[in-house]
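Structural features, examined
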Amino acid sequence: MSSTELPGVRAATAAVAPKVATVRVAEGEELRSVTLPGLTLNVRSRPPARSGLPHALYVHGLGGSSLNWSALMPLLEDVVDGEALDLPGFGDSPPPDDGNYSLTGHARAVIRFLDAAGHGPVHLIGNSLGGAVSTRVAAVRPDLVRTLTLISPALPELRVQRSAVPTALLALPGVVSLFTRLTKEWSAEQRTRGVLELCYGDPTRVTDEALRNAVEEMERRIQLPYFWDAMARSARGIVDAYTLGGQHGLWRQAERVLAPTLLVYGGRDQLVAYRMARKAAAAFRDSRLLTLPDAGHVAMMEYPETVALAIRELLDDCGGS
């Protein structure tokens, strides 16, 4: 049993549930399914503005999906050939065959996808959990990463913010079962508004249409039998990664990253402390820092134009390829 596996749920997670609803596809986007040894990944993409553009891969955070990149991707389609994947157990990707939701398990999924695609070094862009995963990928497989962009990366903090504690508690055995019992009467809209309050610096920036889309996605996700299991075990994977020291520690791996790195931190982030920006800037050897005082945990959704501009500058300074 892996360190992130909860007892009594192996059979539930190993089974691939039928689709309970159609996954939303924004205008101009395409979805495809990629089958690899031990896992199947849903991949969202947009046709590039022209052929021959360098490839980019977007990796979402805990509880998110490739939909989290739908605002940013069109702003970069003229400079990169971008794809956003759903990590195993999230979005429209079924659970991995081995039930491994550790940080290393998610990083292995990204590496397998990149190796199979054969695109060469890509511009790797990650948020939250996806930022920690991308850090590990860049450290252990520098040949796969041309540049690295980390938006509120989930790197270890000595003093975790109080607002982040409930998310961390999902890692504890029994908490998910208790939470689902206590919230069984909550509507999808109530759950969605709670997530927006936690992740956005200013939830009022969410348009009515975006709220409707988010509620529909929440309704779809909570019907998946493995949704909470994937959440809990991935949360435990983050906590486990935070406790690792030595060469496998995330901060030590950050120091080994060779790729030019853009760090994006939000001043109103309730999950990753704004104060960690300075530590991250010192850890990554070739880094630049973008701080957004009014942004929360998902700056690429709140301020996509600003984030896109910073990524363009990174690519320009690295030769755009």
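Above this text you will find the structure in question.
Described in the following lines is the structure provided in the data block. (Residues numbered from 1 in each chain as written. Predicted model: local features only at pLDDT ≥ 70, side-chain atom pairs only at ≥ 80, totals over all residues. Heavy atoms only, no water.)

Moving on: the packing of aromatic side chains. The tally for this structure, following the rule as stated, stands at 2 aromatic pairs. Ring centres of Tyr58 and Trp69 lie 5.3 Å apart, and the angle between their planes is 40 degrees; on these two criteria the pair is classed as tilted. Remark: Trp69 occurs in the loop between β3 (55-59) and α2 (73-76) and Tyr58 occurs in strand β3; sequence separation between them is 11 residues. Comparing Tyr58 with Trp69 shows no difference in burial state: the two are buried. Both rings, one in Phe227 and one in Trp228, keep their centres 5.1 Å apart while their planes meet at 70 degrees; by these two values the pair is edge-to-face. In this arrangement the basic side chain of Arg205 is found over the ring face of Tyr303, its NZ or CZ atom lying 4.2 Å from the centre. Against the face of Trp251 rests Lys279, its NZ or CZ located 4.7 Å from the ring centre. (Phe/Tyr/Trp six-rings, centres within 6.5 Å; stacked < 30°, edge-to-face > 60°. Helix = DSSP H or I, 4+ residues; strand = E, 2+ residues; numbered from the N terminus. Buried < 20%, exposed > 50% of the residue type's maximum accessible area, 1.4 Å probe, protein only. Lys NZ or Arg CZ within 6 Å of the ring centre and 35° of its normal.)

Below, the discussion takes up helix α11 (residues 276-283). The set of residues buried in α11 consists of Met276, Ala277, Ala280 and Ala283. Each buried residue of α11 lies within a common arc of 130 degrees when the element is viewed along its axis, so the set occupies one face. Turned more than 90 degrees away from the buried face of α11, the exposed residues are Arg278 and Ala282. On its buried side, α11 packs onto α10 (250-256), β7 (261-266) and β8 (287-292). (Arc of directions from axis to C-beta. Contact = heavy atoms within 4.5 Å.)

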